[in-house]
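What follows is each chain in one-letter form.
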Amino acid sequence: MFRYEGSASPEGVPFSIPQPTGTFYEGINRKAGDTLNGRTQIFQDIISAILRGEANGVLKSINAGLQMGMSADEILEEAMIPATIQTLDKYQGADFYIPDVINASHAIEAGLFALKPYTKKSLQKRKKIVIGTVEGDIHDIGKNLVALSLGYAGFEVVDLGVNVSPAEFVRAVEQHRPEILAMSALLTTTMGEMARVIKALEKHHLRKSVRVLVGGGPVTKEFAESIGADAYGSSAREAISIAQSLVRRCSDRERDYAC
């Protein structure tokens, strides 16, 4: 059984526990030897554990689901992605405690790590995206949701984590040769780091080799244009379509090495 040795979950977190109804639970098929209630209970338990920041609870429920014969893709679609979206929505405002954010993020990361060996692997060469939260910013729930969504959409995602310096972004572009570099910032005080990264890419003659996608709570399309980014995404869902568009444009344009 998986176990996550992370931060203890906070007590008394004011989350409402979602009921197994609505679009997230529609169309779930019965399988031999289990019941619809048993399957939706697993999904509900995963979502509830994430919202409470309980990593070990997430892993326990994922393990139970896999033993029931659920696929990793089903657990992602019906529990992990909905829970991550709900968590991100919860922390969009200013009224929250940093430990709650950290614990929820740990729970999501633990679940994704546990499912990774079981997810479907494409036989085709996948387009690569390097993603990270800029230096000085430790917020990663939004970045994690984008990374998860892009991976689920078929991209190979290299996640650099949080508090990533311009030098680290440059090294990652040199090492991984991605089609897209995606940056996130959740603070107005760290937005400027995106411009520093782009300047660092230019300094090392890498800017023309990669498309730059930026996003995050305070980031706007106008800001993205002002720093010379190629695109701006306002949500994880939008990031997928934008990334696909950037890759198509990449294949139509002569590049140094990315395409």
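Calculation notes
- Residues numbered from 1 in each chain as written.
- Predicted model: local features only at pLDDT ≥ 70, side-chain atom pairs only at ≥ 80, totals over all residues.
- Heavy atoms only, no water.
- Helix = DSSP H or I, 4+ residues; strand = E, 2+ residues; numbered from the N terminus.
- Buried < 20%, exposed > 50% of the residue type's maximum accessible area, 1.4 Å probe, protein only.
- Areas by Shrake-Rupley, 256 points an atom, 1.4 Å probe, with all protein chains shown as cover.
- Salt bridge = Lys/Arg side-chain N within 4 Å of Asp/Glu carboxyl O.
- Pairing = 2+ DSSP bridges.
- Axes fitted to C-alpha atoms, helices over the stretch in contact; angles between N-to-C directions.
- Contact = heavy atoms within 4.5 Å.
- Core = buried A, V, L, I, M, F, W, Y, C linked by side-chain atoms within 4.5 Å.
- Parallel < 35°, antiparallel > 145°, perpendicular 65-115°, else oblique.
- Left-handed = near helix turned anticlockwise from the far one by under 90°.

Participant: Describe the overall build of the protein, and please don't skip the residues or the numbers.
Facilitator: A tally of regular secondary structure across the protein gives nine helices and five strands. Reading the secondary structure of the protein in the N-to-C direction produces α-α-α-α-β-α-β-α-β-α-β-α-β-α. Taken over 259 residues, the protein has a buried fraction of 49%. As presented, the protein carries roughly 13200 Å² of accessible surface, and 50% of it is formed by carbon and sulfur atoms.

Participant: With reference to specific residues and values, describe the pattern of salt bridges.
Facilitator: Overall, the coordinates contain seven salt bridges when judged by the stated rule. Notably, a salt bridge pairs glutamate 54 with arginine 52, separated by 3.2 Å at the nearest N-O pair. Glutamate 54 gets classed as partly exposed once you look at its relative accessible area, which sits at 26%. Judged by its relative accessible area of 32%, arginine 52 is partly exposed. Arginine 196 serves as the salt-bridge partner of glutamate 193, at 2.7 Å between the closest nitrogen and oxygen. Here arginine 196 and glutamate 193 lie together in helix H7 (residues 192-203), a separation of three residues that amounts to about one turn.

Participant: Can you explain the sheet that holds strand S1 (residues 128-133)? Please cite residues and give values.
Facilitator: On the basis of which strands lie adjacent, the open sheet formed by five strands has the order S2-S1-S3-S4-S5 and parallel pairing. Each edge of the sheet is formed by a strand with only one pairing partner; in this case those strands are strand S2 (156-159) and strand S5 (231-233). Ignoring which end each strand starts from, the neighbouring axes of this sheet average 25° apart. Running at roughly 165° to S1, helix H6 (residues 166-176) makes contact with S1, S2 and strand S3 (180-184) of the sheet. Sheet contacts for H7: S3 and strand S4 (211-215); angle to S3, the most-contacted strand, approximately 155°.

Participant: Quick one: what's the story with unusual backbone geometry, residue by residue and with numbers?
Facilitator: Here arginine 177, not a glycine, exhibits a phi torsion of approximately 50°, which is positive. A residue is classified by how much of its surface remains accessible, and arginine 177, at 39% relative accessible area, is partly exposed. With a phi close to 60°, histidine 205 is a non-glycine residue in the positive phi region. On the secondary structure map, histidine 205 appears in the loop between H7 and S4.

Participant: Give a detailed account of the nonpolar core, specifying residues and quantitative values.
Facilitator: Of all hydrophobic cores here, the largest spans 44 residues; its most connected members are Ile46, Ile50, Val58, Ile62, Ile75 and Met80. If you list the elements that add at least two residues to this core, you get helix H1 (36-52), helix H2 (55-67), helix H3 (72-90), helix H4 (98-115), S1, helix H5 (141-152), S3 and helix H9 (236-251). It is H3 that provides the largest number of residues to this core, a total of eight residues. Among all residues touching isoleucine 75, those that are not within four sequence positions of it are Phe43, Ile46, Ile62, Leu66, Met70, Met80 and Leu115.

Participant: Explain the environment of leucine 148 residue by residue, including any values.
Facilitator: Along the chain, leucine 148 turns up in helix H5. A C-alpha to C-alpha distance of 9.9 Å links leucine 148 and aspartate 159, two positions eleven residues apart in sequence. In contact with leucine 148, not counting residues within four places along its chain, are Leu76, Ile81, Thr84 and Leu112.

Participant: Tell me about the packing of H6 against H7, and name the residues and values.
Facilitator: Across the interface, H6 lies against H7 with an axial gap of 9 Å and an inter-helix angle of 45°. Regarding the angle of H6 to H7, the classification is oblique. As H6 packs across H7, the resulting crossing turns out to be right-handed. Within the contact between the two elements, H6 uses Pro166, Phe169, Val170 and Val173 and H7 uses Glu193, Arg196, Val197, Ala200 and Leu201.

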